[in-house]
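Here are the chains, one letter per residue:
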Amino acid sequence: MAGVGVNYAALALQAALLSRPGALEAELAGADLPRELRRYSYLQLWVVVPLLVAVLALRQRRVRRGTS
């Protein structure tokens, strides 16, 4: 839980820094936005993998107990 909190604190800080007038435009200058959106959309799928493993482990545990 502490790791998640640290992660969100860093994200909140970055969001606050980018909310200043012109900061986001300067950060995105020269970036290929469609390419970056495709790349990060693909990478976000990997967030699901640990969650899927946890769900499958819980399901397997439930089946082994006979309460599917």
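Remember, predicted model here, so these are calculated numbers, not experimental data. (Residues numbered from 1 in each chain as written. Predicted model: local features only at pLDDT ≥ 70, side-chain atom pairs only at ≥ 80, totals over all residues. Heavy atoms only, no water.)

Student: How would you explain the overall build of the protein chain if you had to name every residue and give the values?
Tutor: For the protein chain, the helix and strand inventory stands at 3 helices and 0 strands. Taken against the 2.2 N^0.38 rule, which gives 11 Å for 68 residues, the C-alpha radius of gyration of the protein chain at 19 Å runs more than 25% over that of a compact globule. Across its three principal axes, the protein chain shows a C-alpha extent of roughly 60 × 30 × 15 Å. Taken across its 68 residues, the protein chain has 1% of its residues classed as buried. As displayed, the protein chain has an accessible area near 6,400 Å², and 66% of this comes from carbon and sulfur atoms. With 9 positive and 4 negative side-chain charges, the protein chain shows a separation of 26 Å between the mean positions of the two kinds. (Helix = DSSP H or I, 4+ residues; strand = E, 2+ residues; numbered from the N terminus. Rg over C-alpha atoms; globule rule 2.2 N^0.38 Å. Buried < 20%, exposed > 50% of the residue type's maximum accessible area, 1.4 Å probe, protein only. Areas by Shrake-Rupley, 256 points an atom, 1.4 Å probe, with all protein chains shown as cover. Lys, Arg positive; Asp, Glu negative; His and termini not counted. Charge placed at Lys NZ, Arg CZ, Asp CG, Glu CD.)

Student: Which residues make up the pattern of salt bridges, and what values go with them?
Tutor: Considering all chains together, one arrives at 1 salt bridge under this definition. In this structure, Glu36 and Arg35 form a salt bridge, with 3.4 Å as the shortest nitrogen-oxygen distance. The exposure class of Arg35 is partly exposed, given its relative accessible area of 46%. (Salt bridge = Lys/Arg side-chain N within 4 Å of Asp/Glu carboxyl O.)

Student: Account for the packing of aromatic side chains, naming residues and giving values.
Tutor: Tallied over the entire structure, the rule returns 0 aromatic pairs. Across from the ring centre of Tyr40, 4.9 Å away, lies the NZ or CZ of Arg39, which sits over that ring. (Phe/Tyr/Trp six-rings, centres within 6.5 Å; stacked < 30°, edge-to-face > 60°. Lys NZ or Arg CZ within 6 Å of the ring centre and 35° of its normal.)

Student: Describe the layout of surface pockets, with residues and values.
Tutor: The rolling of a water-molecule-sized probe over the atoms marks out the regions of remaining empty space. Empty space within the largest pocket amounts to approximately 210 Å³. Surrounding the largest pocket, Leu28, Ala31, Leu33, Glu36, Leu37, Tyr40, Ser41 and Gln44 form its lining. In the lining of the largest pocket, the residues fall into 5 nonpolar, 2 polar and 1 charged. (1 Å grid on protein atoms, 1.4 Å probe; cavity = no way out; pocket = protein on both sides within 12 Å on 5 of 7 lines; lining within 4 Å. Points joined across faces, edges and corners; volume = space filled by probe spheres on them. Nonpolar A, V, L, I, M, F, W, Y, C, P; charged D, E, K, R; others polar.)

Student: Could you give an account of a nonpolar patch on the surface, naming the residues involved and the relevant values?
Tutor: Together, Tyr40, Tyr42, Leu43, Leu45, Trp46, Val49 and Val53 make up a nonpolar patch on the protein surface, roughly 740 Å² of accessible area in all. Summarising the element assignment, Tyr42 is placed in helix H3 (residues 33-65). (Patch = residues over 30% accessible without salt bridge, like charges linked within 9 Å, V, L, I, M, F, W, Y side chains within 5 Å.)

Student: An account of the environment of Asp32 is needed here, citing residue identities and associated values.
Tutor: The residue Asp32 is located in the loop between helix H2 (23-28) and H3 in this model. Sequence spacing of Asp32 and Ala12 is 20 residues, and the spatial spacing of their C-alpha atoms is 24 Å.

None of this, on its own, says anything about what the molecule does.
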